[in-house]
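Below, each chain spelled out in residue letters.
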Amino acid sequence: MAFVVSSGALSTTGAGVLPSYAAMSLRAAPWEYETIWRTQPQVRTVIAFLARNIAQLGVHVYRRVSDTDRERLTQHPLAQLLGNPLLGMTTYRFIERLVSDVALYDNWYGIKLKLNGQLRILPVPPTLIRPYGGNWIRPEKYQTAGGRDFQPDEVIHIHGYSPTDLTYGESPIESLRDLLLESTEASKQRRQMWKSGARLTGVLVRPADAPDWEEKDKRRFREMWRSFADGGGAEGGTPILEDGMTYDKVGFNPEQAQYIEARKLTREEVSAAYFIPPPLIGILDHATYSNIKEQHAHLYQDTLGPWTVMIQQEFAAQVLPDLPDNKDVYCEFNIAEKMRGSFEEQAAAMSTMVGGPVMTRNEGRARINLPSVEGGDELIVPMNVTEGGLASPRDTAPDAPPKARGLPRSKASGRPSTIGTFASERDALEKTLTAFTERQANALLTAAGAKADGADGMPDLLALWAAGSEDRLAQLQALLAHHGYRLAQVGAWDVLDVWNPEAENWSADVMLAWILAAAQTHAAQHEESGRGAVAAVQEEGGDGWREALQTAAVAWGTAASARAKTAATETRSFGGHDAAGASGLTQKIWVTGGTNPRASHKAQNGEAVSLDDVFSNGLRWPGDAGGETKELVNCNCSLDYAKEE
């Protein structure tokens, strides 16, 4: 294997390049990009989006202690430099200019200054400085418009890729030049149209048999016609034609020209050149709540992530060597702050991780600007949070109620007045779940273009479905858990009112874990039923996919009604079963309900088994999700309880 030997310098190294060869790079003048930025709103919007979102992150400096540990450095020279890069310049403005210059020119320059013994950086607009001489690896010097030259080690030069050398970046604007030029010409045409009285161009046609005009007649008509043009005083009016004359329009039709679509296309192309998802810069044609939320999460990973890594590494390579005490020191953008969830999501995750509350009452009062109270500096642990039992109400439920009955219980004071009857609570769940399903189905129809006449061919329906799946599941679980908790209390108090009015040894909170697990199961099943319907439409395809998708959406809404009734029956039954166990009851009796019960349910009416046993149809209670589906849907049965002597 052969190696190129160089005495510490690469000034003459050129792999495959003859000494007499010099690549000629004909680049656009930097001020051309400046003009584009000033006159093209789409370019300015996209570049400002990048610069503002990166500048707001903030940059922290760390020292690597080990592979698993690091320490934050706030007084290190690099931290002080980034905090105050130049007198009167903030970190935000410094990073904003850096990102804007790289995005527009693919080059950023900063001159290293020593002010009062401290390193500072003076950002220089790319129009006022350029690399000069040298070769394709390293310039000889940097020339400025002020006539002073700087050596390469006196300048920080951050640039992107160029296919011709290693000393300069090629602006993304070059690839957009033709598109932007077309947009500019279209804008000029629109401006001229409005300037000329909002009239399209055309020709006047005078019949061949019309009487001849004298010069004064021509002049009179010409002056009249000009009054309807720019500055004539009659713009927008209706001219009166003479001698059977007609006006034939020529040129573009405003509707056919599709000006709005053209402007939108320009912004989409510019955003694509900078790898920005269109909904994040205001193009909401195919946006939904779920995919915007997902794209916002990916913003700091896929869109801004490469930018932050590039800047971090450039600071380490070009700035850090000029500072003392730089061993194992590095800087990092504070992306973690942006990647955190909402306050509610953070609070729920923290409660799960630590197994209990993380704030005292006084800390909570301070967040809403209330004074501290005596005794408010201790953590209050809810009664359903125990060591060795449930770490938090968010834990997965046990498989069967007998395990739940072994948990500590507290005495309740009576049936809550806010809990309605089984029928009212079941109807509330059915109404809420059906409305939610219809909203999600309509969002899918809109995203797929199934509601639009003359839309393009069938899109990837399963991809559209998957984009919102995570968000739907979370909302479904919350919805089902909320109503399930109320329905379980209905079933529990139906038993307690008869056998244990004081609710001795029973607490509603102990049912939470099982209810959360049941809600998760029902949410997953309902989501899968919708996905299956969409998959069938995708597989069938054809020109009738819009009608098929609309039919599938209606069917999913119908399934929501059945799902709500089944879940309501199950959670009421579980609540009664849980209360029966806490009240010392030992038998359960199947009571067949409804006007047209299943044959198996009708046959087992009055069947009694021990509390921990299953009935002849394999169910622990009506609606038991552990049984076969044919035994569950639209079941209206219930249970009675007894205590063996």
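Residues numbered from 1 in each chain as written. Predicted model: local features only at pLDDT ≥ 70, side-chain atom pairs only at ≥ 80, totals over all residues. Heavy atoms only, no water.

1. Considering the nonpolar core
Part 1: Core analysis: the biggest nonpolar cluster contains 53 residues, and Leu78, Tyr274, Phe315 and Val319 have the highest contact counts within it.
Part 2: If we skip the residues at most four places from it in the chain, tyrosine 274 touches Val46, Ile47, Leu50, Ala103, Leu104, Pro172 and Ile173.
Part 3: Among the nonpolar cores identified, the runner-up in size contains 28 residues, and Met511, Ala580, Leu619 and Leu632 belong to it. (Core = buried A, V, L, I, M, F, W, Y, C linked by side-chain atoms within 4.5 Å. Buried < 20%, exposed > 50% of the residue type's maximum accessible area, 1.4 Å probe, protein only. Contact = heavy atoms within 4.5 Å.)

2. A word on the side chain of threonine 303
Part 1: For threonine 303, the position within the fold is in helix H9 (residues 289–303).
Part 2: Among the polar contacts listed, one links the side chain of threonine 303 to the backbone oxygen of phenylalanine 275, at a separation of 3.2 Å.
Part 3: Not counting the four nearest positions on each side in its chain, threonine 303 is found in contact with Leu50, Phe275, Ile276, Pro277 and His298. (Helix = DSSP H or I, 4+ residues; strand = E, 2+ residues; numbered from the N terminus. Polar contact = N/O pair within 3.5 Å; in protein donor to acceptor, adjacent residues only side chain to side chain.)

3. A look at the environment of arginine 365
Part 1: Looking at where arginine 365 falls in the secondary structure, it is placed in helix H13 (residues 361–367).
Part 2: Sequence separation between arginine 365 and glycine 376 is 11 residues, and the spatial gap between their C-alpha atoms is 9.2 Å.

4. Quick notes on the sheet that holds strand E11 (residues 329–333)
Part 1: Across the sheet, three strands lie side by side as E2-E1-E11; this open sheet has antiparallel pairing. Edge positions in the sheet fall to strand E2 (69–72) and E11, since each of these pairs with one other strand and no more. The average angle at which neighbouring strand axes cross in this sheet is 45°, direction not considered.
Part 2: Pairing geometry for strand E1 (residues 59–66) and E11, over five bridges, is antiparallel. By the bridge assignment for E11, histidine 60 is matched with glutamate 332. (Pairing = 2+ DSSP bridges. Axes fitted to C-alpha atoms, helices over the stretch in contact; angles between N-to-C directions.)

5. Here we look at the pattern of salt bridges
Opposite charge on two side chains permits them to pair, given that their charged atoms come into close proximity.
Part 1: Under the defined criterion, the tally for this structure stands at 12 salt bridges.
Part 2: Of the charged contacts in the structure, one is a salt bridge between aspartate 325 and arginine 63, with a shortest N-O distance of 2.8 Å. Here aspartate 325, found in the loop between helix H10 (305–318) and E11, pairs with arginine 63, found in strand E1; they are 262 residues apart in sequence, far enough to count as distant.
Part 3: A residue is classified by how much of its surface remains accessible, and arginine 63, at 17% relative accessible area, is buried.
Part 4: One salt bridge in this structure joins lysine 112 and aspartate 322, with 2.5 Å as the shortest N-O distance. With lysine 112 in strand E3 (residues 107–115) and aspartate 322 in the loop between H10 and E11, this pair connects stretches of sequence that are 210 residues apart.
Part 5: Looking at aspartate 322, the relative accessible area reads 38%, which means it is partly exposed. (Salt bridge = Lys/Arg side-chain N within 4 Å of Asp/Glu carboxyl O.)

6. Some thoughts on the pairing of E3
Part 1: Note that E3 and strand E8 (residues 155–159) share five bridges and pair antiparallel. Within E8, the residue paired with isoleucine 111 across the bridge is valine 155.
Part 2: The pairing of E3 with strand E4 (residues 118–124) spans seven bridges and is antiparallel. Bridge pairing links lysine 114 to leucine 119 in E4.

7. Examining unusual backbone geometry
Keep in mind that most residues, glycine aside, have a negative phi and that most peptide bonds are trans.
Part 1: Non-glycine residue aspartate 106 carries a positive phi angle of around 65°.
Part 2: Residue position: aspartate 106 is located in the loop between helix H4 (91–105) and E3.
Part 3: The phi angle at alanine 503 is positive, at roughly 55°, despite the residue not being glycine.
Part 4: When you line up the elements, alanine 503 lands in the loop between helix H16 (461–499) and helix H17 (512–540).

8. Concerning the packing of aromatic side chains
Part 1: This model, assessed by the stated rule, comprises 12 aromatic pairs.
Part 2: Aromatic side chains phenylalanine 94 and tryptophan 108 sit 5.7 Å apart centroid to centroid with 90° between the ring planes, which places their arrangement in the edge-to-face category. Highlighted residues: phenylalanine 94 in helix H4 and tryptophan 108 in strand E3, separated in sequence by 14 residues.
Part 3: Looking at phenylalanine 94, the relative accessible area reads 1%, which means it is buried.
Part 4: By relative accessible area, which is 0% here, tryptophan 108 ends up buried.
Part 5: Their ring planes at 75° and their centres at 5.1 Å tell us that tryptophan 590 and phenylalanine 615 sit as a pair that is edge-to-face. Taken as a pair, tryptophan 590 in strand E12 (residues 587–591) and phenylalanine 615 in the loop between strand E13 (608–610) and strand E14 (638–642) lie far apart in primary sequence, 25 residues in all. (Phe/Tyr/Trp six-rings, centres within 6.5 Å; stacked < 30°, edge-to-face > 60°.)

9. Notes on the sheet that holds strand E7 (residues 149–150)
Part 1: With respect to topology, three strands assemble into an open sheet ordered E5-E6-E7, the strand pairing being antiparallel. Edge positions in the sheet fall to strand E5 (129–132) and E7, since each of these pairs with one other strand and no more.
Part 2: In this sheet, E7 lies alongside strand E6 (residues 141–144) in antiparallel orientation, the contact comprising two bridges. Bridge pairing links glutamine 143 to aspartate 149 in E7.

10. Remarks on the packing of H16 against helix H18 (residues 545–582)
Part 1: In the contact formed by H16 and H18, the axes pass within 7 Å of each other and the chain directions differ by 30°. It follows that H16 is roughly parallel to H18 by the angle criterion. The hand of the H16/H18 crossing is right-handed. Along the contact surface, H16 presents Leu461, Trp465, Arg472, Gly484, Leu487, Ala488, Gly491, Ala492, Val495 and Leu496, while H18 presents Trp545, Leu549, Trp556, Ala568, Thr571, Arg572, Gly575, Gly576, Ala579 and Ala580.
Part 2: Tallied by class, the residues present in the contact of H16 with H18 amount to 13 nonpolar, five polar and two charged. (Parallel < 35°, antiparallel > 145°, perpendicular 65-115°, else oblique. Left-handed = near helix turned anticlockwise from the far one by under 90°. Nonpolar A, V, L, I, M, F, W, Y, C, P; charged D, E, K, R; others polar.)

11. Some remarks on H4
Part 1: In a regular helix each residue adds 1.5 Å, so 15 residues correspond to 21 Å; H4 covers 21 Å between its end C-alpha atoms and thus fits that length.
Part 2: Across the 15 residues of H4, 11 count as buried, placing the element largely inside the fold.
Part 3: Within two residues after H4, aspartate 106 carries a phi angle of roughly 65°, on the positive side. (Expected span 1.5 Å × (residues − 1).)

12. Section: the packing of helix H15 (residues 422–448) against H16
Part 1: Remark: H15 packs on H16, axes separated minimally by 11 Å, with the N-to-C direction vectors making an angle of 170°. Compared by their axis directions, H15 and H16 come out roughly antiparallel. Residue-level inspection shows Phe422, Glu425, Arg426, Ala428, Leu429, Thr432, Leu433, Phe436, Gln440, Leu444, Ala447 and Ala448 of H15 in contact with H16, the latter providing Leu461, Leu464, Trp465, Arg472, Gln475, Leu476, Leu479, Leu480, His483, Arg486, Leu487 and Val490.
Part 2: Residue composition of the contact of H15 with H16, by class: 16 nonpolar, four polar and four charged.

13. With respect to the side chain of histidine 60
Part 1: Position of histidine 60 among the secondary structure elements: in strand E1.
Part 2: Taking relative accessible area as the criterion, histidine 60 reaches 17% and is therefore assigned buried.

14. Some words on the confidence of the model for the protein
Part 1: Counting all residues, the mean pLDDT for the protein is 78, and 76% of those residues have values of 70 or more.
Part 2: In this model residues 383–413 is a low-confidence stretch, pLDDT under 50, and it forms 66 contacts with partners more than four residues away in sequence or in other chains. (pLDDT = per-residue confidence, 0-100.)

15. Here we look at H10
Part 1: Under the 1.5 Å per step criterion, the end-to-end length of H10 is 20 Å for 14 residues, consistent within 8% with the ideal 20 Å.
Part 2: For H10, the complete set of buried residues consists of Gly305, Trp307, Thr308, Ile311, Gln312, Glu314, Phe315 and Gln318.

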